[in-house]
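Coordinate inspection notes
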Amino acid sequence: MLQSTFICHTCGRNYSVSEKIWRCACGGLFDLVYNPQFDPNLIKKRKPNLWRYREAIPIENDSAIISFEEGFTPLLEINIAGIPILVKQEHLFQTGSYKDRGATVLISKSKELGINHVVEDSSGNAGCAIAAYAARAGIKCDIYVPESTSPAKLAQIESYGARLHKIPGSREDTARAVQVAAETCYYASHSWNPFFFQGTKTIAFEIWEQLGWQVPNVLVLPVGNGTLLLGAYFGFQDLTTAGMISEIPQLIGVQAQNCSPLAQAFAEPLSQFSSVSSSATIAEGIAIAEPIRAEEILRAVKHSGGRFVTVTDGEITLALKDTMHSGFYIEPTSATVIAAISKISGSLINQKVVTVFSGHGLKSTEKILSLLNHKFQP
Ligand SMILES: *Cc1c(COP(=O)(O)O)cnc(C)c1O
Ligand SMILES: [Zn+2]
């Protein structure tokens, strides 16, 4: 029923998705194409989790599905800088971040392929999600992280029984270390493997359903590797392809000013990615100096009529404080979008605006303690 195919970005070669591969023989990135379907009457009757969009998720056998009944997170109205904003509560997943959307689909696919050992690299949350779903699936799991990752995230990964590899140096050094392991083991990568995006795209379906089968005008999302932004884009594309919507929302990508290669490239298309340090910001979850899907992200934002906004660590800190003082415990990375909305609020008046809380505060206790000790002074 669900015929899907990998297509290489670089050379255009096609592969069957039943091959245990995550990139083309030429080294190129894969897209995944197939024919998503939606039947609102059927969807409404199902359990409130992301698998209610079953006909739009390219897993062939229901028996392969590895799930904690995740998703369908609340879309809550919060007043930010004087305007009402709808905020998806994506910190309320099993592992404390929206990365569970990608992990449930990618690990289900791994199960379907008969894989018994996966490797992944992450600055934290994707590693937590892959480790938890691998544990639920009975799949062996190795996670590579930068040595500087938050202790709470390291503890979480190890608690699920995954083998943890702490790599000295930058996030990019970790990415290089895992490539070696990925030669002999299935690479459950949240940035390379298209099945991860087949999960994160479900956020678009949920927003569409929660708004009464309508799309918002603007969607403001944090961006590093783009698993959330591209996922949302793919989801809205699916809805367009299936004839459910006629227009996609403007996508506004938010980056930390100290690590903002995409915002820079969007502003100056011909400039080289300047070398930015991924450790220079409090927003560790999106501190990606070399996003591998950069071109795709830039194209998606442009096609949606959107743009990028950068925020300083001082702005993120103040936004975090305000958000927490209204009863939400989120990690510092998740406050970037709130800082951005405050900054551009003038352009959002009378628009239907949706954003997300991407990760739970319990993951960053030590960072939050240090901010409290300094009275949230930026
Ligand atoms: C992964 C993540 C993001 C988005 O990061 P991408 O690199 O663009 O996928 C945002 N916030 C949190 C808390 C995250 O874990
Ligand atoms: Zn290729």
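Check the entry above for the structure.
Before going into details, it helps to say that this report is about the structure given with it. (Residues numbered from 1 in each chain as written. Chains lettered and ligands numbered in written order. Predicted model: local features only at pLDDT ≥ 70, side-chain atom pairs only at ≥ 80, totals over all residues. Heavy atoms only, no water.)

What follows covers the state of the cysteines. According to the stated counting rule, one finds zero disulfides in the structure shown. Cys141 provides the cysteine sulfur closest to Cys185, a residue in no disulfide bond, and the two sulfurs are 8.9 Å apart. Judged by its relative accessible area of 13%, Cys185 is buried. (Disulfide = S-S within 2.5 Å. Buried < 20%, exposed > 50% of the residue type's maximum accessible area, 1.4 Å probe, protein only.)

Strand pairing in a sheet relies on backbone hydrogen bonds, with the paired strands running either antiparallel or parallel. Pairing in this open sheet of four strands is parallel, and the strands run β8-β7-β6-β9 from one edge to the other. Since the sheet does not close on itself, it has two edges, and those belong to β8 (163–167) and β9 (186–187), each with one partner. Taken together, the five bridges between strand β7 (residues 140–146) and β8 define a ladder with parallel strand orientation. Across the sheet, residue Tyr144 finds its bridge partner in β8, namely His165. Relative to the sheet, helix α3 (residues 125–137) contacts β6 (117–121) and β7, its axis offset from that of β7 by approximately 170 degrees. (Pairing = 2+ DSSP bridges. Helix = DSSP H or I, 4+ residues; strand = E, 2+ residues; numbered from the N terminus. Contact = heavy atoms within 4.5 Å. Axes fitted to C-alpha atoms, helices over the stretch in contact; angles between N-to-C directions.)

The next subject is the site of ligand 1. Every one of the 15 residues lining ligand 1 counts as a neighbour, but Lys99, Asn125, Asn225, Gly226 and Thr227 are closest to it. Between ligand 1 and the protein, one listed contact pairs an oxygen atom with a side-chain N or O atom of Lys99 at 2.8 Å. Between an oxygen atom of ligand 1 and a side-chain N or O atom of Asn125, the distance comes to 2.7 Å. If ligand 1 stood free it would expose 380 Å²; the protein chains cover 97% of that surface. The residue inventory of the shell around ligand 1, partitioned by class, reads four nonpolar, nine polar and two charged. (Near = heavy atom within 4 Å. Polar contact = N/O pair within 3.5 Å; in protein donor to acceptor, adjacent residues only side chain to side chain. Areas by Shrake-Rupley, 256 points an atom, 1.4 Å probe, with all protein chains shown as cover. Nonpolar A, V, L, I, M, F, W, Y, C, P; charged D, E, K, R; others polar.)

A separate point is the coordination of the zinc ion (ligand 2). Donor atoms from the polypeptide that coordinate the zinc ion (ligand 2) comprise Cys8 (SG), Cys11 (SG), Cys24 (SG) and Cys26 (SG), at 2.3 Å from the metal. Its four donor atoms give the zinc ion (ligand 2) angles of 106 to 119 degrees at the centre, a pattern that matches the tetrahedral case. Counting residues between consecutive donors of the zinc ion (ligand 2) along the chain gives the motif C-x2-C-x12-C-x1-C. With Cys8 in strand β1 (residues 5–8) and Cys24 in the loop between β2 (14–16) and β3 (30–33), this residue pair connects regions lying 16 residues apart in the sequence. (Donors = N, O, S within 2.8 Å, 3.2 Å for Na, K, Ca; no water. Tetrahedral: all angles 85-135°; square planar, octahedral: opposite > 155°, others 65-115°.)

Another point: the sheet that holds β3. Read across the sheet, three strands follow the order β2-β1-β3 without closing on themselves; strand pairing throughout is antiparallel. The open sheet is flanked by β2 and β3, the only strands paired with a single partner. Recorded for the sheet is a direction-independent mean angle of 30 degrees between the axes of neighbouring strands. Of the strand pairs in this sheet, β1 and β2 are connected by three bridges, and their pairing is antiparallel. Across the sheet, Phe6 pairs through a bridge with Tyr15, a residue of β2.

What follows deals with unusual backbone geometry. In the Ramachandran plot, Phe72 falls in the positive-phi region, its phi being about 50 degrees despite a non-glycine side chain. Its location among the elements puts Phe72 in the loop between α1 (40–44) and β4 (75–80). Looking at Phe72, the relative accessible area reads 22%, which means it is partly exposed. Non-glycine residue Ala81 carries a positive phi angle of around 50 degrees. With respect to the helices and strands, the residue Ala81 is situated in the loop between β4 and β5 (83–88).

With that settled, the discussion passes to the pattern of salt bridges. Inspection of every chain in the model, using the stated rule, returns 17 salt bridges. Across the salt bridge formed by Arg54 and Asp62, the nearest N and O atoms sit 2.7 Å from each other. According to the relative accessible area criterion, Arg54 is buried, its value standing at 10%. The shortest N-O distance in the salt bridge between Arg293 and Glu296 comes to 2.9 Å. (Salt bridge = Lys/Arg side-chain N within 4 Å of Asp/Glu carboxyl O.)

So, on to the nonpolar core. By size, the foremost hydrophobic cluster in this structure holds 82 residues, and its most contacted members are Val118 and Ile130. If you look at the next biggest cluster of nonpolar residues, it comprises 34 residues, including Val218, Ile252, Leu320 and Ile338. (Core = buried A, V, L, I, M, F, W, Y, C linked by side-chain atoms within 4.5 Å.)

For the structure shown, the criterion picks out 14 aromatic pairs. Look at Phe6 and Phe30: their rings are 4.6 Å apart centre to centre, the planes differ by 0 degrees, and that puts the pair in the stacked class. Of the two residues, Phe6 is situated in strand β1 and Phe30 in strand β3; the sequence distance between them amounts to 24 residues. The pair Phe6 / Phe30 is uniform in exposure class, with both members buried. Put simply, the rings of Phe38, Tyr53, Phe205, Trp208 and Trp213 touch in pairs and so form one group of aromatic residues. A cation over an aromatic ring shows up here: Arg23 above the ring of Trp192, its NZ or CZ 5.5 Å from the ring centre. (Phe/Tyr/Trp six-rings, centres within 6.5 Å; stacked < 30°, edge-to-face > 60°. Lys NZ or Arg CZ within 6 Å of the ring centre and 35° of its normal.)

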